[in-house]
Amino acid sequence: MASGRQVRCDPVDVAIVGAGLGGAAFAWRLASRAPHLHIVCFERGDWLDRTDLPAQKPDWQRLALGSWATSPNLRLQAGGNGVSADYPIDDSGSEFKPLMWNGVGGSTINWAAHFPRLHPSDFRTRTLDGVGDDWPFSYSDLEPYYDLNDEMFGVAGIAGDPAYPPKRSRRMQPLPLGRGGAKAARAFDELGWHWWPVDAAINTVAEGARQACNYCGPCQQGCATGAKSSTDLTYWPRALAHGVDLRTNCIVQEIVLEGGLAKGIRYRDGEGRACWQPASTVVVAGNGIGTARLLLASGLPSPALGRNLMFHPAAYVRGMFAEELDGPVGPVGCALYSHEFYETDETRGFKRGIHLQVTRENPLLVQALRLEPGWGAEAQRLLREEFRHSMAVLVLAEDLPEPHNRVTLTGATEADGLPGVRVEYALSREARRALDFGLARAEEMLRAAGAHRIVRVPLAPYTGWHLLGTARMGSDPTTSVTNATGCCHDAPNLIVVDGSLFPTVGACNPGATIGALALKMADALLGEKP
Amino acid sequence: MKRAVLLAILDTMLPGDDGESPLPRASEAGLDLAKLERLAAPVAAGLGGVDAFLLAAPADRVAKLRIVELNAAPAFKALLAEALASYYESPPVLAALGWRAAPPQPHGHALAPDDAGILGALEKVRSRGRLWRT
Ligand SMILES: Cc1cc2nc3c(=O)[nH]c(=O)nc-3n(C[C@H](O)[C@H](O)[C@H](O)COP(=O)(O)OP(=O)(O)OC[C@H]3O[C@@H](n4cnc5c(N)ncnc54)[C@H](O)[C@@H]3O)c2cc1C
Ligand code: SF4
């Protein structure tokens, strides 16, 4: 790092930390509604170069397990990839390993773009089921923002799903279910259970420079065609056109707090210089781990900060079929889902529900690595049996907020200048029951579909895709970090606009809700309505 | 380490099969052996004599390797990971599994469009009524 005097930047109206999902949506909305504001966003990583992705290289399977893995720890161990500016996370005390991307677009660069909304009941778990906490607003309050966020991302799907209140018609036709998806759909029908093709933030028709999906498979290593929506392709070009100043390779070290207000941020720029950026309002969107880490490092006193980390605990079942299926073809997370068991039914022995998602298969090498035994003639026999003959069903459960599941700082200072970060997470008994119930239902579906062999993965550690709840909204400053508009109780001009805000998380993917929330928070800052 | 020992270890891990389109054994899959050789050295050292390993019947080689897997787990794991990666990205192996050697892009893959009957079945799902609570 270069030494010398601190670079002082001219004061701005709004400084945003993190150019991922929440940061991008917030920046665009604020800039488009208040063009007079001077808005700067600081992002620790870089822009993605879509001409240089693993999917274009012969060793793509290996890259997907190394320098382009979904886990920042694995990427760092493999020497990094030069785009995602990763920091190590001590996840030895967590049953799920946090996954993310640290560059422009944030974790939408390597997300699977499965794009469900929460259900209305997810906003009222305390009132309806006596667990968790109610959100400070309802599904219908968020609905206009869900719609706007859908427009910005572009959704492929089919309206009319009875698991949700009516949604507007989807802009693009759904992704094909594929042979596995069609088989699963028939089995769900036979059982009389709900199923629906996923809403996907993936173009099924070309739009401008972005091609239609060509079903290449490895969405979680970035999308070479640009078919998969990520905020570097959706929100950012429009935010930049509205004059937002996006500074990449800038690592925010501290939010300076004085007298109960945020005064600005200290950051390290791409040349290693220490910089000071005064700002009237500071907005944080570093994700459920990055935000907690930065706010803890900045000394925000809130007792709930970093606590109540929620992941959506995940498990899998794989079924093996005699017929040939598609294997690792198509967007990996997006085929169809069932919300038959999403709403509470206490006769199941737990409150809240589960999400079943029929996915596409992993690359051949991942399939080879997960076998038991792992080598020898039997392993190769199993691989023959599975490759292009297996169907995977993901089970996601709702984990409720528990203060002991949390993000804390280690005593160390990391290479990025910030304190080290640790994640502690233990699966609750209730969530275990929910996962077991879901695994049994998934197995029932696979058997109905004709699977002749089933493999259960009762807990899948490398599924920490959703980093939520560590700076949650609420009215009580002892149990929440922000109010309903994302403003910190302990510093009202410090606003959180990312997945950290969730008071509870439902049982399905959070991206659509994070985008909607960030748009809502931007309007709240301006005192405006949708 | 003798090349023959390396190949014997790799062939024990990945013996191939004699299916309709046979999977080649590792030694015949065109793997780059330089890196594997380095990783195999500590595994070979745990075999209790490489000559005996070379002379052993296939089942005995498996048993000997299992012992190394237990006693020198990190070294064994590192070799296995590299062997699997090299093997399952090798064009003859991919061809034997009916998969192409070219990477996923720029050509992508084909997915057949859904038949109308399947999406028509959504009407049945809808007719069972709403599932969400307020
Ligand atoms: C592999 C994978 C698959 C997923 N699949 C899905 C899916 O199918 N559907 C779905 O809904 N969700 C999915 N998710 C989750 C979804 O991508 C995230 O929930 C969402 O992107 C989080 O938004 P965010 O704004 O909270 O944070 P992010 O999008 O992660 O953005 C945080 C940004 O802040 C930056 N940052 C952090 N700290 C600093 C700092 N100190 N200084 C400067 N910049 C900083 C980071 O670099 C990053 O760019 C997936 C996630 C992963 C990793
Ligand atoms: S499957 Fe489609 S969305 Fe996924 S990376 Fe390939 S082209 Fe992009």
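First, a word on scope: everything that follows refers to the structure included in this document. (Residues numbered from 1 in each chain as written. Chains lettered and ligands numbered in written order. Predicted model: local features only at pLDDT ≥ 70, side-chain atom pairs only at ≥ 80, totals over all residues. Heavy atoms only, no water.)

**Regarding the overall build of chain B**
The cut-off we apply is this: Secondary structure counts use DSSP, requiring at least four H or I residues in a row for a helix and at least two E residues in a row for a strand, with both numbered from the N terminus. Based on C-alpha atoms, the radius of gyration is set beside the globule rule, defined as 2.2 Å times the residue count to the power 0.38. The cut-offs for exposure are 20% and 50% of the maximum accessible area for each residue type, with area from a 1.4 Å probe on protein chains only; residues under the lower value are buried, those over the upper are exposed, and the others partly exposed. When charges are counted, neither His nor the chain ends are considered; positive counts come from Lys and Arg and negative counts from Asp and Glu. To locate a charge, take NZ of a lysine, CZ of an arginine, CG of an aspartate or CD of a glutamate.
A tally of helices and strands in chain B yields 8 helices and 0 strands. Tracing chain B from N to C terminus, the helices and strands come up as α-α-α-α-α-α-α-α. Taking 2.2 N^0.38 as the reference for a compact globule, 134 residues should give roughly 14 Å; the C-alpha atoms of chain B span a radius of gyration of 23 Å, well beyond that estimate. Counting only C-alpha atoms, chain B reaches 70 × 40 × 30 Å along its principal axes. Per-residue burial over chain B gives 40% buried out of 134 residues. Measuring between centres, the 15 positive side-chain charges of chain B sit 10 Å from its 15 negative side-chain charges.

**What to know about the site of ligand 1**
Residue and element names in this part refer to chain A. Put simply, the rule is: Whether a residue is near a molecule or strand depends on its heavy atoms: it is near if one of them lies within 4 Å of it. Here a polar contact is recorded for every N or O atom pair within 3.5 Å, except that within protein the pair must consist of a potential hydrogen donor and a potential acceptor, and residues adjacent in sequence are included only if both atoms are side-chain atoms. Computed with the Shrake-Rupley method and a 1.4 Å probe, the accessible areas treat only the protein chains shown as cover for residues. Residues are grouped as follows: Ala, Val, Leu, Ile, Met, Phe, Trp, Tyr, Cys and Pro are nonpolar; Asp, Glu, Lys and Arg are charged; all remaining types, including Gly, are polar.
Near ligand 1, the surroundings consist of 38 residues, among which Gly22, Glu43, Ser107, His114 and Gly511 are the closest. Asn102 places a polar side-chain atom, nitrogen or oxygen, 3.3 Å from an oxygen atom of ligand 1. Taking Asn287, its side chain carries an N or O atom lying 3.3 Å from an oxygen atom of ligand 1. With the chains in place, 98% of the 1000 Å² that ligand 1 exposes on its own is no longer accessible. When contributions to the shell around ligand 1 are tallied by element, the ones reaching two or more residues are α1 (21-33), β7 (251-258) and α12 (511-526). Its residues placed into classes, the shell around ligand 1 shows 17 nonpolar, 18 polar and 3 charged.

**Focus on the pairing of β7(A)**
All names here are of chain A. Spelled out, the test is: Two strands qualify as a pair provided DSSP detects at least 2 bridges between them.
As judged from the 7 bridges shared by β7 and strand β8 (residues 261-268), these two strands associate in the antiparallel manner. Bridging from a neighbouring strand, Val252 pairs with Tyr267 of β8. Hairpin geometry of β7 and β8 is characterised by an intervening segment of 2 residues between the two adjacent antiparallel strands and by a positive phi of about 55 degrees at Gly259.

**Focus: the site of ligand 2**
Ligand 2 sits among A:Ile202, A:Cys213, A:Asn214, A:Tyr215, A:Cys216, A:Gly217, A:Cys219, A:Cys223, A:Thr225, A:Lys228, A:Pro331 and B:Gln105. Mapping the residues near ligand 2 onto chains gives chains A and B. In the shell around ligand 2, the residues fall into 7 nonpolar, 4 polar and 1 charged.

**Here we look at the interface of chain A and chain B**
Note the following rule: By the convention used here, residues are in contact when the closest approach between their heavy atoms is within 4.5 Å. Here's the idea: put two parts together, see how much 1.4 Å probe accessible area each one loses, and the total over both is what we call buried area. A pair is scored as a salt bridge if a Lys or Arg side-chain nitrogen falls within 4 Å of a carboxyl oxygen belonging to Asp or Glu.
Contacts between the two partners involve 66 residues from chain A and, on the opposite side, 53 residues from chain B. Summed over both partners, the interface of chain A with chain B buries about 4800 Å², with 62% contributed by carbon and sulfur atoms. Interface area lost by chain A to chain B is led by A:Trp375, A:Gln380 and A:Arg384, which between them contribute 20%. On inspection of chain A and its partner chain B, the count reaches 6 salt bridges. Notably, a salt bridge pairs A:Arg384 with B:Asp17, separated by 2.7 Å at the nearest N-O pair. There are 28 residue pairs in polar contact (both at pLDDT 80 or more) connecting chain A and chain B. Those elements that place two or more of their residues in the side of chain A that touches chain B are α2 (60-65), α4 (125-129), α6 (178-191), β5 (196-197), α9 (364-369) and α10 (377-386) of chain A. If you tally residues by element for the side of chain A that touches chain B, the top one is α6(A), at 5 residues. In the side of chain A that touches chain B, the residues fall into 36 nonpolar, 16 polar and 14 charged.

**Looking at the packing of α6(A) against helix α11 (residues 429-449) of chain A**
All names here are of chain A. For the record, the criterion: In this analysis an axis means a line fitted to C-alpha atoms, helices contributing only their contacting stretch, and an angle means the value between N-to-C directions, from 0 to 180 degrees. What sets the label is the angle itself: under 35 degrees gives roughly parallel, over 145 gives roughly antiparallel, 65 to 115 gives roughly perpendicular, and the rest give oblique.
The geometry of α6 relative to α11 is characterised by a closest axis approach of 8 Å and an angle of 105 degrees between their N-to-C directions. As the angle between them shows, α6 and α11 are arranged roughly perpendicular. In contact with Lys183, Ala184, Ala187, Phe188, Glu190 and Leu191 of α6, α11 contributes Glu444, Met445, Ala448 and Ala449. For the contact of α6 with α11, the residue count by class is 7 nonpolar, no polar and 3 charged.

**Observations regarding the sheet that holds strand β14 (residues 406-413) of chain A**
Residues and elements named next belong to chain A. Spatially, 3 strands are ordered β4-β15-β14 in an open sheet, and the strand pairing comes out mixed. Looking along the sheet, the strands with just one partner apiece sit at the ends: β4 (89-94) and β14. Across the sheet, the axes of successive neighbouring strands diverge by a mean angle of 30 degrees, strand direction being ignored. Pairing between β14 and strand β15 (residues 419-425): 5 bridges, direction antiparallel. Note that in β15 the partner of Arg406 across the bridge is Glu424.

**Quick look at the pairing of strand β3 (residues 39-42) of chain A**
Both faces of the sheet carry side chains from a regular strand, because those side chains alternate between them. All names here are of chain A. Using the following cut-off: Looking down the strands as they point away from the viewer, one classifies a crossover as right-handed if the path from the first strand across the helix to the second runs clockwise.
Across the two faces of β3 the burial is the same, with Ile39 and Cys41 and Val40 and Phe42 all buried. Taken together, strand β2 (residues 12-17), α1 and β3 form a β-α-β motif whose crossover is right-handed. As defined by bridge partners, β3 adjoins strand β6 (residues 245-247) across 3 bridges and the pair is classed as parallel. Of the residues in β6, the one forming a bridge with Val40 is Asp245.

Fair warning: the whole summary comes from geometry, so function is off the table for now.
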